[in-house]
Amino acid sequence: MRYLPLTDADRREMLARIGVATVDELFTDIPERMRMAAPADLPRAKGEMEVERHLGAMAARNVSASSVPFFIGAGAYKHHVPATVDHLIQRSEFLTSYTPYQPEIAQGTLQYLFEFQTQVAMLTGMEVANASMYDGSTAAAEAVLMAHRVTRRRKAVLSGGIHPHYAEVMTTLSDLAGDEVVRLPPDVTATEDLLAAIDDSVSCVVVQTPDVFGNLRDLRAVADKAHAHGALLVAVFTEAVSLGLVEAPGAMGADIVAGEGQSIGNALSFGGPYVGLFATRQKFVRQMPGRLAGETVDADGRRGFVLTLSTREQHIRRDKATSNICTNSGLCCLAFTIHMSLLGESGLTRLARVNHANAVKLAEALAAVPGVKVLNETFFNEFTLRLPKPAAAVVEAMADHHVLAGVPVPRLLPGAGLDDLLLVASTEVNTDADRAAFVAALTEVL
Amino acid sequence: MLNRQGRPTTPGAAVESAHPTFTGNRALQQEEPLIFEFGRTDVIGVDLDEPAPVADRLGGLKRKDTIGLPGLSEPEAMRHYVRLSQKNYGIDTGLFPLGSCTMKHNPRLNERMARLPGFADIHPLQPASTVQGALALMDELAHWLKELTGMPAVTLSPKAGAHGELAGMAAIKAAIAARGETATRNVVLVPDSAHGTNPATAALIGFTVKAVPAREDGTVDPAEVAKLAGPDTAAIMLTNPNTCGLFERDVVEIARVIHEAGGYFYCDGANFNAIVGKARPGDLGVDAMHINLHKTFSTPHGGGGPGAGPVVLSDRLAAFAPLPYVRLDDGRFSLVEHAAVSDQSPLGRLTAFHGQMGMFVRALAFMLSHGADGLKQASEDAVLNANYVRACLADLMSLPFGNRACMHEVLFDDAWLKGTGVTTLDFAKAMIDEGYHPMTVYFPLVVHGAMLIEPTESESKASLDLFIATLRDLAFAVRDGDTARFTGAPYHAPRRRLDETRAARQPVLRWTAPAPVAEAAE
Ligand SMILES: Cc1ncc(COP(=O)(O)O)c(C=O)c1O
């Protein structure tokens, strides 16, 4: 077996040194009748070529985003990732290292985490950011728990514009923890009255912008009312590129920002691994979940970085920890931070303008298709269409025409009476030809 | 500053380094500034045309401030991150005996497979008809996990071990709710040797944690469990093999005691690597167990993540798995993403999508490469390697539970360092100078000054022999009173010991622009 260096001669020699006759003598703590008599009913070892054939055949049964005009978003976005990013994250010293518990030989990881934290703080308009959560949805759920710790209240109000999967993750975790959640009904056109839901019992109001239907939301009035009642504003986003063009949540009064960073540097990968971004204000830092890299000096007085404020974390605080998270999204942070460094401010804002322009062009083209209506007043790179037919069937039919058109709202919200709505996203990868293919296929199937 | 176990958190006095250089660089070791110190906001390393102007649809919410993000050209970015990488130790650098973390070889075939466009470039919300291969892969991975553990069900969505603990304990909580016992059954028993994520997870979802002390030999005594178990017992969270590197030999009896009390058996499967192909958790009475694909099945740790933590479930808990899951009807796969009214499970999603697909591909590639035979051999080699290290060091370093067979990792304590002026941490730092990543230190908490060594199956005998010879040399140096070799270490790493106290007292968690320097007065 190509991964196992020991030879049978080595094994015999080592067993002799240990003082046992067979390797099974090392397993005698396992009760005899519990030891597996026969090997598992699974295939035998395979060489590289056979594994490639087996998995390659599976991969070939999927339609990849780059192979068709592609307009699916709703929490994960098809962006171009520079070749440099993928090369660098495969450097052995990054890929095969562990959590930087020995900082003297992990300065590479610690410095990029420090850079990542700074970039996320800048992007969100917040003071501090952590070294990542699993994804945007778990970041949002942790933000709610953190708000409860800060306010010593246990009721979260969720806007109806939040991605339904995110709302479900927040609800699941809150239910388990015994906390209250008030989830407003789906709010397709951003007209809900969030202010009416805020009172002195509320710990936090959670609002997503751009919301799941694509609308941009001005958070200022919600922030003001929340703060007047001693509650926090948790701002959520699923499309990080939007922050290159749209007002940062920090500038609109957010106290905690939780978002998905997949769009920068990370592949779609069927939903994971992604990278949860988590930022807040300096004064709440000791209530934050997750790892933090911080600056310090070494014994020779040189600048260096370490994991810090770990008395918040499970390995020190155990059942009193701010979160149970341990392994996070390290390498996805690296992909994010490299891509963001390549973009810089000028590149990110331009990328955002390209996304917006492509979405505007697509919205205009689709609005001209008979029977189709664009519901959004505002959007960044994603918007909601009302179709004259059930959206799920339209998407299936368009897939037969080799166009992946978007996410039917009933896939996210079954039984909500929104069967004719379709979420459509457009990024820098879409060309004029893609848009034309979309319009043609839609016209055809309607 | 010392922590509870005498681990210093502030370095000692500075040592002048010999032969200073102008740049601070040392040949291949390059000092590297932060991107904020040399990047420029008007530099772009990604070519993109400015779009033709459109009437914007931003409704007045256009960003007004400047962000301040520095940009790098492609060569600058390449050099910056390559230099940073050179300050890191990875498995590919050398032996990485970090106990409990299973730092085994990461085959590059798995990276290649995960990057196939059919896996890496598909969206989680594509129509099921366009992702049949991806769903088939999840189904095949599920089959392997169920076969290897002897458990009837698995949920793939958890994002890491701790997230798997959450899924498993949530299923237990839901099962208790279905029995109408939520109010009364709320205590979770957690042995003192458990990883911090176990009590943190139980507490997170409202359970009360009760500690189970370890007995003399480092394992859990079923009699102790019987004393603590009762009508308020929701579950026990038992790590097996445990964090002392020992198989809980009374696991079957512990399971029986817990089940008799009406509770569930959660197994922390972080150490499954020792027993794959040798024993099946399903035969041991386990109701739920997470599997860290980033440990046992070799998906790269990536400097702290990402991981993946699928959870296998017993029949009693299978109905309480979180959404979503893959279903097969008449040869077509689909994803069940919403609970039907008829479903028992009140548990919804724990993450936005279906789990760590990128890790699923790598883990399955690892399983296919090994086959059932290779996985069993890997477990045996991992255990053999750990015992070889134990046998070759037992005369010099202290084994808290006696010189008996261990599983895939061997635990030493610091009794042998007593009175030498050298701590576990000092010893670990001296290993860095010798070119090794230290073992896990100060965990588990049940022994003083713990040193947990897990060589994994990826080490050759020659590699282990050099490692053992090195530790023996260090141990003799301790005996000979050469304390400076330890207390000042590391001397040869990119950084000397770092001041953790200062980092925590005056936290600097991000870069900020330096205040403008006032013009010097003439
Ligand atoms: C024994 C044990 N349990 C649980 C965990 C948590 O797993 P993860 O880091 O994947 O969340 C770990 C590893 O860190 C561990 O060693």
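The numbers attached to residues start from 1 for each chain and follow its sequence in the written order. Lettering of chains starts at A and numbering of ligands starts at 1, both following the order in which they are written. pLDDT decides what is reported in this predicted model: residues at 70 or higher carry local features, side-chain atom pairs at 80 or more are listed and counted, and totals for whole chains, interfaces and linings draw on all residues regardless. Calculation of side-chain values draws on the structure's entire complement of heavy atoms; hydrogens and water are dropped beforehand.

- In the annotation of an unreviewed UniProt entry, chain B is listed under the name glycine dehydrogenase (aminomethyl-transferring) and assigned to Chelatococcus sambhunathii.
- Taken from UniProt, the Function (unreviewed entry) comment for chain B reads in full: "The glycine cleavage system catalyzes the degradation of glycine. The P protein binds the alpha-amino group of glycine through its pyridoxal phosphate cofactor; CO(2) is released and the remaining methylamine moiety is then transferred to the lipoamide cofactor of the H protein."
- UniProt positions are given in the numbering used here, feature names are shortened, and annotations may be inferred rather than shown by experiment. Regarding chain B, the relevant UniProt record gives this comment under Catalytic activity (unreviewed entry): "N(6)-[(R)-lipoyl]-L-lysyl-[glycine-cleavage complex H protein] + glycine + H(+) = N(6)-[(R)-S(8)-aminomethyldihydrolipoyl]-L-lysyl-[glycine-cleavage complex H protein] + CO2".

- Under an unreviewed UniProt entry, the name given to chain A is Probable glycine dehydrogenase (decarboxylating) subunit 1, and the source organism is Chelatococcus sambhunathii.
- Chain A has a UniProt comment under Subunit (unreviewed entry) that states "The glycine cleavage system is composed of four proteins: P, T, L and H. In this organism, the P 'protein' is a heterodimer of two subunits."
- Under the UniProt heading Sequence similarities (unreviewed entry), the note attached to chain A is "Belongs to the GcvP family. N-terminal subunit subfamily."

### Some details on helix α12 (residues 424-433) of chain B
All names here are of chain B.
- Under the scheme applied here, a residue whose accessible area is under 20% of the maximum for its type counts as buried, over 50% as exposed, and between as partly exposed, the area being computed with a 1.4 Å probe on protein chains only. Helix numbering and strand numbering both begin at the N terminus, where a helix is a DSSP run of H or I of at least 4 residues and a strand a DSSP run of E of at least 2. In terms of burial, α12 is largely enclosed, as 9 of its 10 residues are buried.
- For α12, the set of buried residues is Thr424, Leu425, Asp426, Phe427, Ala428, Lys429, Ala430, Met431 and Ile432.
- Contact between two residues is taken to exist if any of their heavy atoms lie within 4.5 Å; hydrogens are not considered. Packed against the buried residues of α12 are β11 (440-441), β12 (451-453), α13 (461-479) and α14 (484-487).
- Positive phi shows up at glycine 435, right after α12, with a value of about 90 degrees.

### A look at the UniProt feature "domain: Glycine cleavage system P-protein N-terminal" (unreviewed entry) in chain A
- Residues given the UniProt feature "domain: Glycine cleavage system P-protein N-terminal" (unreviewed entry) here are residues 1-398 of chain A.
- Regarding residues 1-398 of chain A, the helix share stands at 35% and the strand share at 12%, and the terminal C-alpha atoms are separated by 46 Å.

### Topic: the interface of chain A and chain B
- Contact with chain A, which involves 190 residues of that partner, is made by 214 residues of chain B.
- Roughly 17,500 Å² is buried in total at the junction of chain A and chain B, and carbon and sulfur atoms are behind 63% of that figure.
- In short, buried area is how much 1.4 Å probe accessible area vanishes from two parts on joining, totalled over both. When the area that chain A buries against chain B is broken down by residue, the three leading residues are Glu104(A), Phe270(A) and Arg411(A), summing to 6%.
- Salt bridges are defined by distance alone: a side-chain nitrogen of Lys or Arg within 4 Å of a carboxyl oxygen of Asp or Glu. Connecting chain A to chain B are 16 salt bridges.
- Any pair of N or O atoms that falls within 3.5 Å is considered a polar contact. Within protein, one atom must be able to donate a hydrogen and the other to accept it, and sequence-neighbouring residues count only if both atoms are side-chain atoms. Summed over the shared surface of chain A and chain B, the result is 110 residue pairs in polar contact (both at pLDDT 80 or more).
- Ranked by residue count, the leading element in the side of chain A that touches chain B is helix α10 (residues 330-367) of chain A, at 23 residues.
- Residue classes follow a fixed rule: Ala, Val, Leu, Ile, Met, Phe, Trp, Tyr, Cys and Pro count as nonpolar, while Asp, Glu, Lys and Arg count as charged, and any other residue, Gly among them, counts as polar. The class makeup of the residues in the side of chain A that touches chain B is 94 nonpolar, 53 polar and 43 charged.

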